[in-house]
Amino acid sequence: MKLWGGRFAKETSQLMDDFHSSISFDKRLYAQDIRGSQAHAKMLCKQGIISAEDEAAIQQGLCAILEDIKAGKVDFPASSEDIHMHVESLLTERIGDAGKRLHTGRSRNDQVALDMHLYAKDCCDETIALLCEMEETLLKLAKKHAGDVMPGYTHLQRAQPVTLGHHLLAYFEMFKRDIIRFQNAKKAADVSPLGSGALAGTTYPLDREFCANELGLAAVSMNSLDGVSDRDFLLEYMAAASICMMHLSRFCEECVLWSSLEFGFMTMDDGFSTGSSMMPQKKNPDVAELIRGKTGRVYGDLMALLTVMKGIPLAYNKDMQEDKESFFDARDTVVKCLHVFHEMLASATFRTENMKKSANDGFANATDCADYLVKKGVPFRDAHSIVGQLVAKCLSKGCAIDEMSLAELKELSNAFEEDVYEAISLNTCVSARNLIGGPAPQRVLAAVEMGKRWLETVE
Ligand code: ARG
């Protein structure tokens, strides 16, 4: 008979069991479920609701079940419905009546909410740690490439020169915001709903704060209806994960472009590339493409749970069991992607010579050339037009601006002098962009130091 079978005259149909059982996926919550039960039992005893002997038997029984699950000795049959009922049944099988007292003053509704809070909090820590590793690698690479000039793009057209270090630090900033979002998600998870009961609390004199404290949770939820039916903390993790995947996906898109023959800015390590079964020359950036593709899954997970939650009345409804597979999939995906992307990035080679050549060939210094004329007294709009004509001339000759002779330059404006070549050299162009947030090598190095100091503050 089911643990709740008292009022039923008949067994549930097999079809029903298969349909509503969640144990195939919520078994991953076993450690959180057992921790929660241990805290609950300790509190029941402290409050005089169960005896010390019962509590001791429960604690021992739960420890043994935890060990057995870890050792792979426990089966999870679909007939057990969910992890909560399974652990409770195992306990009662092993220790008898004391096991039946564990659920006093508790419902699976506050129990499952607690399990998810504990699990999500751990996921936040895990994800933040992976992001921090990525940030360290980005800082290391940015320092190494602080002075390596590359073209910056708008509309994917070469625009102005930047440094590779600066480009990489853009991602540092993006992942920094992700870390802050996961920290906020962690705050939302760091709450104990235990004591909310099924929906309306309980008449037993529970000490909710004691349980929260035992479990290392910062606060107790303030409304029993909200306590059992809030899944915002999961959505917050998934929203942070979606934005983080969007950042990874943009980075991956650049890796795909950069490792093409057309760009030639990056070479992936062989260990993170694949070949073609037909075309012998191929080396494909599969990791980057897969991460770009998996971003869609995580968005889908977020949308799925948002949609589950949008129509349900207070408090618990079985719809909410659908939170788990979406959440687990989002967590599994973002964790796997962060891990493999980090390895791929750390093992890739940047082809800085090609970057420099590309910056040279692409008129990335045209704005600087116009600014040079402005400094010589030419109004900016006129300077813009003069350099525009100059670029057209270079294009027809097939050369760069600094390959024009001074005489040729003077045909377009008398303001050009010998010092123009120095003024529009790529190194001058980037070094001159020496303001907060700019690409100048000194700024990049300073930003790396600031980034390191920030990373040290991340908890
Ligand atoms: N397996 C359920 C879930 O994940 C646990 C809570 C069940 N509560 C209930 N009243 N049926 O949501």
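Our subject is the structure listed above.
About the cut-offs
- Residues numbered from 1 in each chain as written.
- Predicted model: local features only at pLDDT ≥ 70, side-chain atom pairs only at ≥ 80, totals over all residues.
- Heavy atoms only, no water.
- Helix = DSSP H or I, 4+ residues; strand = E, 2+ residues; numbered from the N terminus.
- Rg over C-alpha atoms; globule rule 2.2 N^0.38 Å.
- Buried < 20%, exposed > 50% of the residue type's maximum accessible area, 1.4 Å probe, protein only.
- Contact = heavy atoms within 4.5 Å.
- Areas by Shrake-Rupley, 256 points an atom, 1.4 Å probe, with all protein chains shown as cover.
- Near = heavy atom within 4 Å.
- Polar contact = N/O pair within 3.5 Å; in protein donor to acceptor, adjacent residues only side chain to side chain.
- Nonpolar A, V, L, I, M, F, W, Y, C, P; charged D, E, K, R; others polar.
- Salt bridge = Lys/Arg side-chain N within 4 Å of Asp/Glu carboxyl O.
- Axes fitted to C-alpha atoms, helices over the stretch in contact; angles between N-to-C directions.
- Parallel < 35°, antiparallel > 145°, perpendicular 65-115°, else oblique.
- Left-handed = near helix turned anticlockwise from the far one by under 90°.
- Pairing = 2+ DSSP bridges.
- Phe/Tyr/Trp six-rings, centres within 6.5 Å; stacked < 30°, edge-to-face > 60°.
- Lys NZ or Arg CZ within 6 Å of the ring centre and 35° of its normal.
- Core = buried A, V, L, I, M, F, W, Y, C linked by side-chain atoms within 4.5 Å.

Draft legend 1. Structural detail: the overall build of the chain. Check the secondary structure of the chain and you find 20 helices and 6 strands. Computed over its C-alpha atoms, the radius of gyration of the chain comes to 31 Å, more than 25% above the 23 Å expected for a compact globule of 459 residues. Principal-axis analysis of the C-alpha atoms gives the chain an extent of 100 × 50 × 40 Å. Residue burial in the chain is summarised as follows: out of 459 residues, 49% are buried. Pairs at least 24 apart in sequence give 76% of the contacts found in the chain among residues at least 6 apart. Summed over its atoms, the accessible surface of the chain is roughly 21900 Å², and 54% of this surface lies on carbon and sulfur atoms.

Draft legend 2. A look at the site of the ligand. In the vicinity of the ligand, the contacting residues are Ser-22, Asp-26, Asp-82, His-84, Arg-108, Asn-109, Val-112, Tyr-316, Gln-321 and Lys-324. Side-chain polar atom of Asp-82 to a nitrogen atom of the ligand: 3.0 Å apart, as the coordinates give it. In the environment of the ligand, an oxygen atom lies 2.4 Å from a nitrogen or oxygen atom belonging to the side chain of Tyr-316. Within the complex, the protein chains bury 86% of what would otherwise be the 340 Å² of accessible surface of the ligand. Counting residues per element, the shell around the ligand draws most heavily on helix H7 (residues 108-144), at 3 residues. Taken together, the residues that form the shell around the ligand break down as 2 nonpolar, 4 polar and 4 charged.

Draft legend 3. Structural view of the pattern of salt bridges. In this structure the tally under the stated criterion is 25 salt bridges. Lys-186 serves as the salt-bridge partner of Asp-125, at 2.7 Å between the closest nitrogen and oxygen. Here Lys-186 lies in helix H8 (residues 164-189) and Asp-125 lies in helix H7, a separation of 61 residues in the sequence. For Asp-125, a relative accessible area of 32% gives the class partly exposed. Ionic pairing is found between Asp-178 and Arg-181, a salt bridge with its closest N-O pair at 3.3 Å. A residue pair is termed a helical-turn pair when its members lie 3 or 4 positions apart in one helix, as Asp-178 and Arg-181 do in helix H8 at 3 residues.

Draft legend 4. Expanded view of the packing of helix H11 (residues 232-258) against helix H12 (residues 286-310). Taken N-terminus to C-terminus, the directions of H11 and H12 make an angle of 160°; their axes are 8 Å apart at the nearest point. Judged on the interaxial angle alone, H12 and H11 are roughly antiparallel. When you trace H11 past H12, the crossing you get is left-handed. Each residue belonging to the contact of H11 with H12 can be placed in one class, and the counts come to 18 nonpolar, 3 polar and 5 charged.

Draft legend 5. Broad picture of the environment of Ala-198. Of note, Ala-198 is situated in the loop between strand E3 (191-192) and helix H9 (208-214). Using a relative accessible area of 34% as the deciding quantity, one classes Ala-198 as partly exposed. Residues in contact with Ala-198, not counting those within four places in the same chain, are Ser-107, Asn-109 and Val-228.

Draft legend 6. Highlighting the pairing of strand E1 (residues 149-154). Relative to strand E2 (residues 157-163), E1 runs antiparallel, the two being bridged by 6 bridges. Pairing of Thr-154 across the sheet is with Gln-157, part of E2. Adjacent in sequence and paired antiparallel, E1 and E2 are bridged by 2 residues, among which His-155 carries a positive phi angle near 55°.

Draft legend 7. Expanded view of the packing of aromatic side chains. The full count for this structure, using the stated rule, is 14 aromatic pairs. Through a chain of ring-to-ring contacts, the aromatic side chains of Tyr-119, Phe-182, Tyr-237, Phe-327 and Phe-328 assemble into a single cluster. Sitting over the face of the ring of Phe-8, Arg-7 holds its NZ or CZ atom 5.6 Å from the ring centroid. Arg-28 extends its terminal NZ or CZ atom over the ring of Phe-328, reaching a point 4.2 Å from the ring centre.

Draft legend 8. Broad picture of the side chain of Ser-21. Examined against the element boundaries, Ser-21 turns out to sit in the loop between helix H1 (14-20) and helix H2 (23-26). A distance of 3.5 Å separates a polar side-chain atom of Ser-21 from the backbone nitrogen of Ile-23. The residues contacting Ser-21, other than those within four sequence positions of it, are Ala-78, Glu-81 and Gln-321.

Draft legend 9. Spatial organisation of the nonpolar core. Core analysis: the largest hydrophobic core is formed by 102 residues, its most contacted members being Tyr-237, Leu-248, Phe-251, Trp-258, Phe-327, Phe-341 and Phe-350. With 16 residues, H7 is the largest single contributor of residues to this core. Apart from residues no more than four positions distant in its own chain, Trp-258 is found in contact with Met-150, Leu-164, His-167, Phe-263, Gly-264, Phe-265, Met-266, Phe-350 and Met-355. Ranked by size, the runner-up nonpolar core spans 21 residues in total, among them Val-378, Ala-383, Cys-399 and Leu-409.

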